[in-house]
Amino acid sequence: MSITLDEILTQADAWEEAIDKTLIQSKTWLPLLDTASYVLFTGCGSTYYLSLAASSLFQSLTHRPARGVPGSELALNGDTVLGPGKPALVAVSRSGATGETLRAVEHFQKQTGGPVIAITTDKDQPLATLADTAIVIESGQEKSVVQTRSFSSMYITTAAMAAIAAKRSDLTNALHELPDFGRQYIPRANLVAEPIGWDLRFSQFYFLGSGPLYGLASEASLKMKEMSLSVSEPFHFLEFRHGPMSMAGSGTMIVGLLSEQNRQHEQAVLDEMKQLGAETLSLGEIGSTIAFQSGLPEPLRGVLYLPPLQLIAYHRAIARGLDPDHPRNLSAVVRVLQ
Ligand code: F1P
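Description of the structure in this document.

It is worth spelling out the side chain of S26 at this point. Along the chain, S26 turns up in helix 3 (residues 26-34). For S26, a relative accessible area of 17% corresponds to the buried category. Among the polar contacts listed, one links the side chain of S26 to the backbone oxygen of L23, at a separation of 3.0 Å. Apart from the residues within four sequence positions on either side, S26 is in contact with P31 and I164.

Here is the structure:
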């Protein structure tokens, strides 16, 4: 079996470690966040998109300001990112060795003296040493270049951090249901994803998501590019009407990551695009093309959008004769900004 496919299908095993470690280590990382007046999340590529999703979720659950920024922006344009007050930084990197992320951490430490929490899969790389404390999800490690199980397990880490920092025991208790649910849900999602991936009528993809789901829509769009070399872009749901909808028509697939809170407004966008001739696919808890039926609280459902979208990208790559284990032009770590 392809290593990428295996890593996608077995990712729920890594979710377990992510949840356990985040809870067990909360005595170390929680005080660092609690003394901060705002929290920055940073990373590059996938882990930048993770930072967008994580910061939205953190702010909405804790009611404390949080922002996700690319490592390169914090490293090179720090004055556009750092504000008044005492920040804490959560730096996310699968490899723990990405140049921009390391430079961002150093810049943050020099400018603010604030605490840094690392989320990574490799304890022996520089990020874990640079940070004040590190949550290391070793079972999130991958042989693939493209991030799938590392992304979902590090994202769950941030969701658990937000739930704990918000003192939401209802959410921290429900977190433990995710790995078992994932183990039965992911093979089910694969059955739906495979025929969509093999449908080569589509030449372009748009991924719509709002709130914390925008970062996840961005990650899904990146998977489509990295694995299947397809034209693909993410948008905030209602933004799609403000120009991008000119692209809706035959050959366009619009994927909606539906939220519970704004479902009515979001479904209306999908319905409108369908009338313009685009194909639509929706994901959500119930009543969507891919329905999780998880019974989990909404703030914990984010990770469930990922496996079917990773799988669609994987199957599309295979259908197009590409090898997702060896994506074009990519390497696992980018070390510019040494
Ligand atoms: C970040 C990243 C990956 C991407 C790529 C290069 O890595 O941008 O998301 O897939 O091949 O690196 P990391 O800092 O999370 O290790």
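Turning to the site of the ligand, a few remarks are in order. The local shell around the ligand holds 14 residues, among which S93, R94, S95, T98 and S331 are the closest. Separating an oxygen atom of the ligand from a side-chain N or O atom of S95 is a distance of 2.7 Å. In this structure, Q147 approaches the ligand through a side-chain N or O atom, which is 2.8 Å from an oxygen atom. For the ligand, whose free accessible area comes to 390 Å², the fraction covered by protein is 94%. Partitioned by chemical class, the residues of the shell around the ligand number four nonpolar, eight polar and two charged.

Let us now look at the pairing of strand 4 (residues 116-120). For strand 4, a buried count of five out of five residues is recorded, marking the element as mostly surrounded by other parts of the structure. Both faces of strand 4 are covered, namely the face carrying V116, A118 and T120 and the face carrying I117 and I119. Here strand 3 (residues 87-93) runs beside strand 4; their pairing, made up of five bridges, is parallel. Paired with L89 across the strands is V116, a residue of strand 4. One ladder, built from four bridges, connects strand 4 with strand 5 (residues 133-136); its direction is parallel. Paired with A118 across the two strands is A134, which belongs to strand 5.

Examined against the element boundaries, G140 turns out to sit in the loop between strand 5 and helix 8 (149-165). With a relative accessible area of 0%, G140 lands in the buried category. It is 38 Å that separates the C-alpha atoms of G140 and H242, two residues lying 102 residues apart in sequence. Each residue touching G140, except ones within four places of it in the same chain, is listed here: A14, T121, R149, S150 and S153.

What follows concerns the sheet that holds strand 1 (residues 38-43). Either a parallel or an antiparallel arrangement is found when strands of a sheet pair, and the pairing is made through backbone hydrogen bonds. Read across the sheet, five strands follow the order 2-1-3-4-5 without closing on themselves; strand pairing throughout is parallel. Here the strands that pair on one side only, and so sit at the sheet edges, are strand 2 (66-70) and strand 5. Between one strand axis and the next, the sheet turns through 20 degrees on average, direction left out of account.

Read across the sheet, five strands follow the order 7-6-8-9-10 without closing on themselves; strand pairing throughout is parallel. Where the open sheet ends on each side, the last strands, each with one partner, are strand 7 (231-235) and strand 10 (290-291). Pairing of strand 6 (residues 204-208) with strand 7, which is carried by five bridges, proceeds in the parallel orientation. Across the sheet, the residue bridging to Y206 is E233, located in strand 7.

Another point: the nonpolar core. If you look at the biggest cluster of nonpolar residues, it comprises 77 residues, and the most contacted ones within it are L33, V90, L178 and L304. Residue contributions to this core peak at eleven residues, all from helix 8. By size, the runner-up hydrophobic cluster in this structure holds 20 residues, among which are Y38, A75, L82 and V105.

Basis of the calculations
- Residues numbered from 1 in each chain as written.
- Predicted model: local features only at pLDDT ≥ 70, side-chain atom pairs only at ≥ 80, totals over all residues.
- Heavy atoms only, no water.
- Helix = DSSP H or I, 4+ residues; strand = E, 2+ residues; numbered from the N terminus.
- Buried < 20%, exposed > 50% of the residue type's maximum accessible area, 1.4 Å probe, protein only.
- Polar contact = N/O pair within 3.5 Å; in protein donor to acceptor, adjacent residues only side chain to side chain.
- Contact = heavy atoms within 4.5 Å.
- Near = heavy atom within 4 Å.
- Areas by Shrake-Rupley, 256 points an atom, 1.4 Å probe, with all protein chains shown as cover.
- Nonpolar A, V, L, I, M, F, W, Y, C, P; charged D, E, K, R; others polar.
- Pairing = 2+ DSSP bridges.
- Axes fitted to C-alpha atoms, helices over the stretch in contact; angles between N-to-C directions.
- Core = buried A, V, L, I, M, F, W, Y, C linked by side-chain atoms within 4.5 Å.

Without other data, these values stay purely geometric and don't point to any function.
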